[in-house]
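These are the residues of each chain, in order.
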Amino acid sequence: NIKFSYSGKSPYVVNNFSLEISKGERVGIVGNSGSGKSTIADLIMGLLIPSSGEIQIDGINLHSNNLYSKEDWYRNISHVPQDIFLLDSSIAENIAFGKKHIDIDNKKLMEAINKAELSSLIKNPRDAFNIQVGERGIKLSGGQRQRIGIARALYKDPKTIIFDEATSSLDYETEKEIIKTIENLSRDLTIIIIAHRLSTTKNCDRIINISNGKIIY
C-alpha cells in the first residue's frame, strides 16, 4: 500500500501500490514515461521513503527496524541504469567502481566479465587493466557500455539487480543481445526489469503494467 509524492502539495507519483517479489524471481515493470516506474525502482532500492505504506524485506520494514540498516540493503542490491557513468580509465576500474587498482579482485573481475559476456573484448585481467574506455566511454559501443554496467553490478555480488531502462537507448539488435545476456544470469539472482517496451520484459516470470503509479491489468 505504498503512496509517494515528491512534496506534500504535489500529486502522488505512486498510489496504493502493492507488489510482492520472491527471491530468484524475474519481474518486468512496464509503463509509459511518467507512469511511476523509476520512482518504484527508487523505492525498492531504499533511495526514497514512502509517504505512506511500507517497503518490507522478508517482512521487516526497511526504513524502521533494529535488525539491519539501509546500508545493509544497499550492499545486496545493484542498479543498471540507461546511461552508465564511466570514468576515463580502464575497463577494470570501471567495473570495480570505487576500488583502487591494488584492491581489485582479479577472480571476481573475470567472473563478472564472463557473465556480462564481455569476454570477446577482454580475455584476461591484463586486458581489463590495459583497455581504456575514453571520456564517457567514447572508445566503446553502446552495447559494450551496457555490458560494463552489468559487469559492475555483478562485481558487487548482489542478491538483486534492477535494470532501469537499461536497453532503451540501444538499437534493436544490440538490445536483443543484452536481453539474452540478462536471461543467462544465475537464477539465484532476483531481477527486476523496468522498461517502457513490453518486448524488453517478454521473458520475465511476471510482467507488471503501471499507469499513474498504479498496477493495471
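Residues numbered from 1 in each chain as written. Predicted model: local features only at pLDDT ≥ 70, side-chain atom pairs only at ≥ 80, totals over all residues. Heavy atoms only, no water.

Just checking my understanding: could you explain unusual backbone geometry for this structure?
A negative phi holds for most residues other than glycine; trans holds for most peptide bonds. We note that D58 has phi near 55°; this positive angle belongs to a residue other than glycine. Relative to the helices and strands, D58 resides in the loop between β4 (56-57) and β5 (60-61). A relative accessible area of 78% places D58 in the exposed class. In the Ramachandran plot, E117 falls in the positive-phi region, its phi being about 60° despite a non-glycine side chain. Examined against the element boundaries, E117 turns out to sit in the loop between α4 (106-115) and α5 (125-130). With relative accessibility at 32%, the residue E117 sits in the partly exposed group. (Helix = DSSP H or I, 4+ residues; strand = E, 2+ residues; numbered from the N terminus. Buried < 20%, exposed > 50% of the residue type's maximum accessible area, 1.4 Å probe, protein only.)

Even after reading the chapter, I still don't get helix α6 (residues 142-155), so can you show me in this structure?
The α-helix winds at 3.6 residues per turn, so residues separated by three or four positions along the chain end up facing the same way. A rise of 1.5 Å per residue sets the reference length of α6, with its 14 residues, at 20 Å; its end C-alpha atoms lie 20 Å apart and thus fit the reference within 8%. By the criterion of burial, α6 is predominantly enclosed, with 11 of the 14 residues buried. Turning to α6, its buried residues are G143, Q146, R147, I148, G149, I150, A151, R152, A153, L154 and Y155. Buried residues belonging to α6 abut β6 (77-80), α3 (91-95), α4, β7 (160-164) and α7 (172-183). The positive-phi residue at the C-terminal boundary of α6 is D157, with phi of around 55°. (Expected span 1.5 Å × (residues − 1). Contact = heavy atoms within 4.5 Å.)

Even after reading the chapter, I still don't get the packing of aromatic side chains, so can you show me in this structure?
Two numbers describe a pair of aromatic rings. These are the distance of the centres and the angle of the planes. All chains considered together, the criterion is met by two aromatic pairs. Between F4 and Y6, the ring centres sit 4.7 Å apart and the planes meet at 90°, which makes this aromatic pair edge-to-face. When the ring of F85 is compared with that of F97, the centres are 6.0 Å apart and the planes differ by 90°; the resulting orientation is edge-to-face. Of this pair, F85 sits in the loop between β6 and α3 while F97 sits in the loop between α3 and α4; the two residues are 12 residues apart in sequence, bridging distant segments of the chain. (Phe/Tyr/Trp six-rings, centres within 6.5 Å; stacked < 30°, edge-to-face > 60°.)

Please explain the pairing of strand β3 (residues 26-30) as it appears in this structure.
Working note: regular strand, side chains alternate between the two faces of the sheet. The element β3 is extensively covered by neighbouring structure, given that five of its five residues are classed as buried. Of the two faces of β3, the one holding R26, G28 and V30 and the one holding V27 and I29 are both buried throughout. As paired elements, β3 and strand β8 (residues 190-195) share five bridges and run parallel to each other. Paired with I29 across the bridge in β8 is I194. Note: β3 against strand β9 (residues 206-211), four bridges, orientation parallel. Across the sheet, the residue bridging to V27 is R206, located in β9. (Pairing = 2+ DSSP bridges.)

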